Amino acid sequence: MNKKQNGAAAPKRYESPALAILDVNLENGYASGVDKNAVNDMPYWDEWEEVKRKGDDNIKKWINDNMNYRSCVIVMVGEETANRKWVKYEIEKAWNDGKGVLGIYIHNLKDPVTGKCSQGKNPFSSFTIKKDNKSLADIVKCYNPNPNDAYNDIKDNLEKWVEEAIKIRNNY
């Protein structure tokens, strides 16, 4: 069923090996339809709000449960994504668990309230791989969709990007 979230239709659930981490303007349903054809079990906004109320241990369990049986994590990069505690946790956990990781900048997607936002900082740049002292941003790709057709660019390339992220992680 496609629940409503603050007036916006929630993404449908589909079968996929990827989990999207949506760090966007949830109050306005911003970017809610970005990957609805490719990503399974997208966290619902109301579910996230309930999880947050139960504290940090519950948040970690919820994130861990949502990452189970996934081979890739997609970080939807908004203006503040790189500063978010739980996004950082998700990135570190995904990488340490051997999952593919990729980012997609969402500044060219339309927010129904404010229009478009500014491009956020690469959230992978704050991580360093100990074995060779490389920044995770030098390994993990963060895609910047075509500003004239961002939704279709993401839809048309998402499967390829996920496969590439999994290969990168498997080879690193």
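Being a predicted model, the structure only gives us computed values, none of them experimental.

A. Structural detail: the pattern of salt bridges. All told, the structure shown has 8 salt bridges when counted by the stated rule. Between lysine 93 and aspartate 97 there is a salt bridge; the shortest N-O distance is 2.5 Å. For aspartate 97, a relative accessible area of 42% corresponds to the partly exposed category. Among the charged side chains, a salt-bridge network with shared partners connects Glu50, Arg53 and Lys54.

B. The arrangement of the side chain of asparagine 122 in detail. For asparagine 122, the position within the fold is in the loop between strand 5 (100-105) and strand 6 (128-129). Side-chain polar atoms of asparagine 122 contact the backbone nitrogen of phenylalanine 124, separated by 2.8 Å.

C. Expanded view of the pairing of strand 4 (residues 72-77). Counting buried positions over the 6 residues of strand 4 gives 6, a clear majority of the element. Of the pairings in the sheet, the one linking strand 4 to strand 5 comprises 6 bridges and is parallel in character. Bridged to isoleucine 74 within strand 5 is leucine 102. Handedness of the crossover joining strand 4 and strand 5 through helix 3 (residues 85-96): right-handed.

The rules behind these values
- Residues numbered from 1 in each chain as written.
- Predicted model: local features only at pLDDT ≥ 70, side-chain atom pairs only at ≥ 80, totals over all residues.
- Heavy atoms only, no water.
- Salt bridge = Lys/Arg side-chain N within 4 Å of Asp/Glu carboxyl O.
- Buried < 20%, exposed > 50% of the residue type's maximum accessible area, 1.4 Å probe, protein only.
- Helix = DSSP H or I, 4+ residues; strand = E, 2+ residues; numbered from the N terminus.
- Polar contact = N/O pair within 3.5 Å; in protein donor to acceptor, adjacent residues only side chain to side chain.
- Pairing = 2+ DSSP bridges.
- Right-handed = clockwise from strand over helix to strand, strands pointing away.

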